[in-house]
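# Structural features, examined
Letter by letter, the chains look like this.
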Amino acid sequence: MGSTIAIVNQKGGVGKTTTAINLGTALAESGKMVLLVDTDPQVNATSGVGVDIEKIENSLYDLYTREKDILDVLYPTSIENLHLLPGSSDLSGIEVELLGEEGREARLKNMLAAVRDAYDFILIDCPPSLGLLTVNALVAAQRVIVPVQCEYYALEGLSRLMKTLEIVKQEINPELDVEGILLTMYDVRTKLSGEVARETRKFFGAKVYNTLIARDVRISEAPSYGQPISVYASRSRGAAAYNKLAKELIANVSK
């Protein structure tokens, strides 16, 4: 059985989708079988791996509404060993559609159960909120990666997220644990980035990855071409950083 990991932070713009795409690709390129699950109604993880949103016939939405089987919704990508469970803008209304339904928080976990053994890693890209889609991801996951932007107010809301994770762990998913906190958008030229990194390590210690994701214009450009950073700019520092993160994650999981 592989590891199911939710990439989550209720703040937007911290690098969740970028991490889901590029970490997933780095793991796949290392020989691991990876499933990327796009639970964000913005569907950026879907387009970010080169899948044409307009040509998708079935999506995660169809699984939530029980109209399709998961095997009908899995898509290959241009990256060997990397498969996609695509998102849909229709997911924005799923909380209302499932209102009052019993077991709605475990819907994603039940979907993934049929394919969990086929993958070494299942990475779930979460929307920037703590609503039903994110709760489903936390119930389905064994581990959580929290990207934290190295900017002012970066730690704001992190304590709230940790409380939410603890509630889910105690009430619904006792398996859930924080795999790691990932420092993103690190700028060596600014004092602020260093201060945020130090404060994060001070409070969370060994839970903070050694790998830092530095600011890199190539990382920002890659999604507009529908490519992970390792494809768009294989020799960039961004590609090197996500390769390093993949190795760190594999080592942690193997312990």
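An account of the accompanying structure is given in this report. (Residues numbered from 1 in each chain as written. Predicted model: local features only at pLDDT ≥ 70, side-chain atom pairs only at ≥ 80, totals over all residues. Heavy atoms only, no water.)

### Quick notes on the overall build of the protein chain
A count of helices and strands for the protein chain gives 11 helices and 8 strands. A compact globule built from 255 residues would reach a C-alpha radius of gyration of about 18 Å, and the protein chain, at 17 Å, matches this within 12%. When the backbone C-alpha atoms are referred to their principal axes, the protein chain occupies close to 50 × 40 × 35 Å. When contacts within the protein chain are restricted to residue pairs at least 6 apart in sequence, those whose partners lie at least 24 apart make up 76%. In the structure as shown, the protein chain presents an accessible area of about 11900 Å², 48% of it carried by carbon and sulfur atoms. (Helix = DSSP H or I, 4+ residues; strand = E, 2+ residues; numbered from the N terminus. Rg over C-alpha atoms; globule rule 2.2 N^0.38 Å. Contact = heavy atoms within 4.5 Å. Areas by Shrake-Rupley, 256 points an atom, 1.4 Å probe, with all protein chains shown as cover.)

### Regarding the pairing of strand β2 (residues 34-38)
On a regular strand, each side chain points to the face opposite its neighbour's, so the side chains alternate between the two faces of the sheet. When you tally the buried positions in β2, you get 5 out of 5 residues, the bulk of the element. Neither face of β2 is left uncovered, since the one carrying V34, L36 and D38 and the one carrying L35 and V37 both have all their residues buried. In this sheet, strand β4 (residues 82-85) lies alongside β2 in parallel orientation, the contact comprising 4 bridges. Paired with V34 across the two strands is L82, which belongs to β4. The sheet contact formed by β2 and strand β5 (residues 121-125) spans 5 bridges and is parallel. Counted as the bridge partner of V37 is I124 from β5. (Buried < 20%, exposed > 50% of the residue type's maximum accessible area, 1.4 Å probe, protein only. Pairing = 2+ DSSP bridges.)

### What about helix α7 (residues 158-171)?
In this model α7 runs 20 Å from its N-terminal to its C-terminal C-alpha over 14 residues, within 8% of the 20 Å that 1.5 Å per residue would give. Among all positions in α7, only L158, L161, M162, T164, L165 and V168 are buried. Each buried residue of α7 lies within a common arc of 160 degrees when the element is viewed along its axis, so the set occupies one face. Exposed and facing more than 90 degrees away from the buried side of α7 are R160, K163, I167, Q170 and E171. Of the surrounding elements, those touching the buried residues of α7 are α6 (132-140), β6 (143-149), β7 (177-186) and α8 (191-204). (Expected span 1.5 Å × (residues − 1). Arc of directions from axis to C-beta.)

### So, the nonpolar core
Nonpolar side chains in soluble globular proteins tend to be buried together. In terms of nonpolar packing, the biggest core is built from 48 residues, with V37, L60, Y64, L85, L108, L112 and I124 touching the most fellow members. For L60, the residues in contact, after removing those within four places along its chain, are V37, D38, T39, V73, L85, P86, L91, L108 and M111. Core analysis: the second largest hydrophobic core is formed by 34 residues, A20, V49, I79 and L245 among them. (Core = buried A, V, L, I, M, F, W, Y, C linked by side-chain atoms within 4.5 Å.)

### Some details on α8
Compared with the 20 Å implied by 1.5 Å per residue over 14 residues, the 20 Å span of α8 between its first and last C-alpha is a close match. Buried residues of α8: S193, G194, V196, A197 and T200, and no others. Along the axis of α8, the buried residues cluster in a sector spanning 165 degrees; they form a single face. More than 90 degrees from the buried face of α8, the exposed residues found are K191, R198, K202 and F203. Contacts made by the buried residues of α8 are with β6, β7 and β8 (208-214). Immediately downstream of α8, the backbone of G205 shows phi near 55 degrees, a positive value.

Any functional reading would require information that these geometric values do not contain.
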